[in-house]
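Chain by chain, the residues:
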Amino acid sequence: MEALAKLLNANGLIVAFAVVGLIMWASYLISKHLTFGRIHGSAIAILIGLALAFVGGVQTGGQKGMADLPMLAGMGLMGGAMLRDFAIVATAFEVDVALAKKAGLVGALALGLGTLLPFILGVVIAWSFGYRDSISLTTLGAGAVTYIVGPVTGAALGADSAVIALSIATGVFKAVLVMVGTPFVAKLIGLDNPRSAMVFGGLMGTVSGVSGGLAATDRRLVPYGALTATFHTGLGCLVAPSIFYLVVKALIGN
Amino acid sequence: MTISGVALLAICTLLGNYLGDLLGIALGVKANVGGVGIAMILLIAGRIWLVKSGLFSEGLKKGVELWGSLYIPIVVAMAATQNVVAAVKAGPLVLIAGTGAVVLCFCTVALISRIGPHGETMDEIEAREALEREALREAEERAAAVHLSAKGA
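Residues numbered from 1 in each chain as written. Chains lettered and ligands numbered in written order. Predicted model: local features only at pLDDT ≥ 70, side-chain atom pairs only at ≥ 80, totals over all residues.

### Section: the overall build of chain A
The following threshold applies: For the purposes of this entry, the term helix denotes a DSSP run of H or I that reaches at least four residues, the term strand denotes a run of E that reaches at least two, and both are numbered from the N terminus. Taken over C-alpha atoms, the radius of gyration is set against a globule rule of 2.2 Å times the number of residues to the power 0.38. Residues with at least 20 other C-beta atoms within 10 Å of their own are called buried, those with 12 or fewer are called exposed, and the rest are partly exposed. The C-beta atoms themselves are positioned from the backbone. Contact between residues is assigned whenever the C-beta positions, reconstructed from backbone atoms, fall within 7 Å.
Of regular secondary structure, chain A possesses 12 helices and 0 strands. Seen in sequence order, chain A has helices and strands lined up from the N terminus as α-α-α-α-α-α-α-α-α-α-α-α. Relative to its length of 254 residues, chain A is compact, with a C-alpha radius of gyration of 19 Å against a globular reference of 18 Å. Dimensions of chain A along its principal axes, counting C-alpha atoms only, are 60 × 50 × 35 Å. Within chain A, the proportion of its 254 residues that are buried is 61%. Across chain A, the fraction of contacts at a sequence separation of at least 24, relative to all contacts at a separation of at least 6, is 66%.

See below:
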């Protein structure tokens, strides 16, 4: 037993790979068999991650979720800013510029609004919950954009871990709502053609939310929605910690 | 080489974050300003440049895509290491902000979808494509028939 603990402690990052791999595997099984693909496996995995962080926090009384358990300290490295930025930047590699031009003006408009509107809403709600510093407000506003933009912004600005956790949870909740809710409102919002699917992708943002929601509505619309949604995270990571933060800071004055 | 892709990604990430830091200093904020976004733009530009100059290779692509495919697992690890206990104490902010953002965006989709000409629905597109295929097949058959009769004459 002691030998095992020593091994796990010495190979923190490898342990984290194994643990996260198991979480992902279980999540995709849950997605397939319990929600019949309606809720994307990645959203379930992130929810499980947040739940484990809660358990870890309660058990150790620490502030770093699972990473406070000595055997799982590697989770901190795997989920830390260094590897996270590295992996997120890599996703830009799949962006096809020729396809982007196809989305055109209406896609760009949807992307812009899809970043700005949730951000404003998030900031206003965070304000009404008593947050008054520009870093927390910007991070929570960014969380309402997507669950990636929130923590990337929070880490760039040096936000509190609890605030970052809130921003992730907000983004994940949004993604799940999009996945589950889209089929029900599809008719109402005119979601039956490629153009409106591209508008939808740009506005809703989260790739997992958009592809899950569109797949449940009309499978043929998925590539159009995903096309604009892929730009969402990049745009959010660019403007939220920069322009949006400066505007919030200027408005609040601290 | 796979490592060349990983290296390209590393260079773009470092350069993007450095530029983000410089931008932060220039703007007088103690933060990294859009570093990840800048790095993404650098990577897209880098890819275009590599393809144009013929230096793009399968191995290079593999090196970058490996990390791109690890992005969700890394986000899961990040979620598992946040101070969720403190966040839960903050209460219903998550529910209100999440629901509000989704409702707001649904409404905006409805609004923008109604601006400008109504696009063809997927059913209309498939019906039109089926008709076009049919017309093309008929034209080919006619051409073949003409060809045959020309031969016969």
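What follows continues from the structure just given.
### Side note on the domain arrangement of chain A
All names here are of chain A. Definition in use: Each domain's limits were defined by an automated method or a database of domain assignments. Charged means Asp, Glu, Lys or Arg here, nonpolar means Ala, Val, Leu, Ile, Met, Phe, Trp, Tyr, Cys or Pro, and polar covers whatever is left, Gly included.
Each domain of chain A was delimited in the assignment, giving domain 1 (2–79) and domain 2 (91–252). Each of domain 1 and domain 2 has a C-alpha centre, and these two points are 25 Å apart. Residues of the side of domain 1 that touches domain 2, tallied by class, amount to 5 nonpolar, 3 polar and 1 charged.

### Points about helix α2 (residues 12–33) of chain A
As a reminder of what qualifies: One less than the number of residues in a helix, times 1.5 Å, gives the span that helix is expected to have. This arc is built from the directions going out from the helix axis to the C-beta atoms.
The end-to-end C-alpha distance of α2(A) is 32 Å, a good match for the 32 Å that 22 residues give at a rise of 1.5 Å each. Taken as a whole, α2(A) has its buried residues at A:A16, A:V19, A:V20, A:I23, A:S27 and A:S31. Looking down the long axis of α2(A), one finds its buried residues gathered within 110 degrees of arc, a one-sided arrangement. Seen from the open side of α2(A), the exposed residues pointing more than 90 degrees away from its buried face are A:G21, A:L22, A:W25, A:L29, A:K32 and A:H33. Buried residues along α2(A) sit in contact with α3 (41–60) and α4 (74–78) of chain A together with α4 (71–79) of chain B.

### Notes on the environment of A:F86
Residue placement: A:F86 occurs in helix α5 (residues 81–91). Taking the C-alpha atoms as reference points, A:F86 and A:V199, 113 residues apart in sequence, are found 29 Å from one another. In this structure A:F86 touches B:L9, B:T13 and B:W67, once residues within four positions along its chain are discounted.

### Concerning the environment of B:G68
Within the element layout of this structure, B:G68 appears in helix α3 (residues 58–69). Counting along the chain gives 59 residues from B:G68 to B:L9, while the straight-line C-alpha distance between them is 10.0 Å.

### Section: the nonpolar core
As a rule of thumb, nonpolar side chains are buried together in soluble globular proteins. The condition is simple: Note on definitions: a nonpolar core is a set of buried residues drawn from Ala, Val, Leu, Ile, Met, Phe, Trp, Tyr and Cys, linked by C-beta atoms within 7 Å.
Residues A:I46, A:V89, A:V172 and B:V76 are the most contacted members of the largest nonpolar core, which totals 124 residues. Of the residues that make up this core, three or more belong to each of domain 1 (2–79) and domain 2 (91–252) of chain A. Setting aside its immediate chain neighbours within four residues, A:I46 contacts A:Y147, A:V172, B:V75, B:V76 and B:A79.

### As for the interface of chain B and chain A
As a measure of interface size, the accessible area lost when the parts come together is often cited. Counting residues at the interface gives 68 residues for chain B and 94 residues for chain A. Contributing elements (two or more residues each) for the side of chain B that touches chain A: α1 (2–27), α2 (35–52), α3, α4, α5 (84–89) and α6 (93–114) of chain B. In terms of residue count, the dominant contributor to the side of chain B that touches chain A is α6(B) (19 residues). The residue inventory of the side of chain B that touches chain A, partitioned by class, reads 46 nonpolar, 18 polar and 4 charged.

### Quick look at the packing of helix α12 (residues 222–252) of chain A against α2(B)
Using the following cut-off: Lines fitted to C-alpha atoms define the axes, with helix axes restricted to the stretch in contact, and inter-axis angles between N-to-C directions lie between 0 and 180 degrees. By definition in this entry, angles of less than 35 degrees are roughly parallel, angles greater than 145 are roughly antiparallel, angles of 65 to 115 are roughly perpendicular, and the rest are oblique. Handedness of each helix crossing follows the sense of rotation of the near helix against the far helix: counterclockwise by less than a right angle gives left-handed, clockwise gives right-handed.
Put simply, α12(A) and α2(B) touch, their axes get as near as 6 Å, and they point 130 degrees apart. With respect to α2(B), the axis of α12(A) lies oblique. Judged by the sense of rotation from one axis to the other, the crossing of α12(A) with α2(B) is left-handed. Where α12(A) approaches α2(B), its residues A:G234, A:C237 and A:L238 are matched on the opposing element by B:V36, B:G37, B:I38 and B:M40. Of the residues that constitute the contact of α12(A) with α2(B), the class distribution is 5 nonpolar, 2 polar and no charged.

### Considering the environment of A:V172
Residue and element names in this part refer to chain A. By secondary structure assignment, the location of V172 is in helix α9 (residues 161–185). Taking the C-alpha atoms as reference points, V172 and L83, 89 residues apart in sequence, are found 20 Å from one another. Excluding residues within four positions of it along the chain, V172 makes contact with A43, I46, L47 and Y147.

### Here we look at the packing of α5(A) against α2(B)
For any two helices packed against each other, one specifies the inter-axial angle together with the distance between the axes. Taken N-terminus to C-terminus, the directions of α5(A) and α2(B) make an angle of 40 degrees; their axes are 8 Å apart at the nearest point. Taken as axis vectors, α5(A) and α2(B) run oblique relative to one another. Here the hand of the crossing between α5(A) and α2(B) comes out right-handed. Taking contact as the criterion, the partners of A:D85, A:I88 and A:V89 in α5(A) are, on α2(B), B:V36, B:A39, B:M40 and B:L43.

### Some points on the confidence of the model for chain A
Rules: Along the chain, pLDDT gives the predictor's confidence residue by residue, from 0 to 100.
Of all residues in chain A, 97% attain a pLDDT of 70 or more, and the chain-wide mean is 86. When pLDDT is averaged over each element of chain A, helix α7 (residues 134–143) of chain A comes out on top at 94 and helix α11 (residues 207–217) of chain A at the bottom at 77.

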